[in-house]
Amino acid sequence: MIKVAIVDDQVLLIQGLKMIVEENEEMSVLWTAENGEQALHMCQTALPELILMDIRMPQMNGVEATAHIKKAFPHVKILVLTTFNEDDYIIGALKEGASGYLLKDATPEQIIEAIQTISSGGMMLAPEVTPKLVDKLVGKSEGAGSKEREYSTKLAQLTQKEQDVAHWVSEGFSNKEIAELMFISEGTVKNHLTRILEKLDLRDRTQLAIYILKT
């Protein structure tokens, strides 16, 4: 059972998302909150596996809440669900540790798929978001060439298997899927991922995926 929390300042939207989530037999809604500050407090009382997080909210917005929650509870996964398809929000949320970014016009099926994918260790980005992310990270700013050389040098520290795991992570595959692709155990994938994050001085697989995109 995937325990989900919903954070949004629109009560009607919370109710709609709750209905979508609880229609799936493998999911349940643990709690709801109307801003990031409430969400952080609720995490201290009952920890969900995944949080559906809005961006623009009073008192504490979604990017700030993601930063605080990931720092205090790094294993909690966060899926941003918002109407705002803006570069600063996208980059900010992913930089702070969000594992996905969907727009609110996503279908119920897409939302359920995103929850399942992220809970399994993968990532999920709305089709409208991916081009913005790539454009922002790759070759659009001055000095991009030197940065890319720096990233490539660090990647050279990885073994071939570690590079393969990093590649599949950047493609959004879960640990289980990577294990099947590489004909190794899921535990071995986790061990490779741990060493990759240590060598590249990264916090989680979301940062790793962004790092690979920058290369």
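See the structure above.
First things first, this report covers the structure right here in the doc.

Describing the environment of Asp 87
Examined against the element boundaries, Asp 87 turns out to sit in helix 4 (residues 87–95). For Asp 87, a relative accessible area of 29% gives the class partly exposed.

Notes on the sheet that holds strand 6 (residues 124–125)
An order of 2-1-3-4-5-6 is seen for the six strands of this open sheet, with the pairing classed as parallel. Every other strand in the sheet has two partners, leaving strand 2 (27–33) and strand 6 as the edge strands with one partner each. Pairing of strand 5 (residues 100–103) with strand 6, which is carried by two bridges, proceeds in the parallel orientation. Looking at strand 6, one finds that Gly 100 is bridged to Met 124. Across the sheet, helix 1 (residues 11–22) touches strand 1 (2–7), strand 2, strand 3 (50–53) and strand 4 (77–82), and the angle it forms with strand 2 is around 165 degrees. In the packing of helix 5 (residues 108–119) onto the sheet, the strands contacted are strand 1, strand 2, strand 3, strand 4, strand 5 and strand 6, and the crossing angle to strand 4 comes to about 155 degrees.

Calculation rules
Residues numbered from 1 in each chain as written. Predicted model: local features only at pLDDT ≥ 70, side-chain atom pairs only at ≥ 80, totals over all residues. Heavy atoms only, no water. Helix = DSSP H or I, 4+ residues; strand = E, 2+ residues; numbered from the N terminus. Buried < 20%, exposed > 50% of the residue type's maximum accessible area, 1.4 Å probe, protein only. Pairing = 2+ DSSP bridges. Contact = heavy atoms within 4.5 Å. Axes fitted to C-alpha atoms, helices over the stretch in contact; angles between N-to-C directions.

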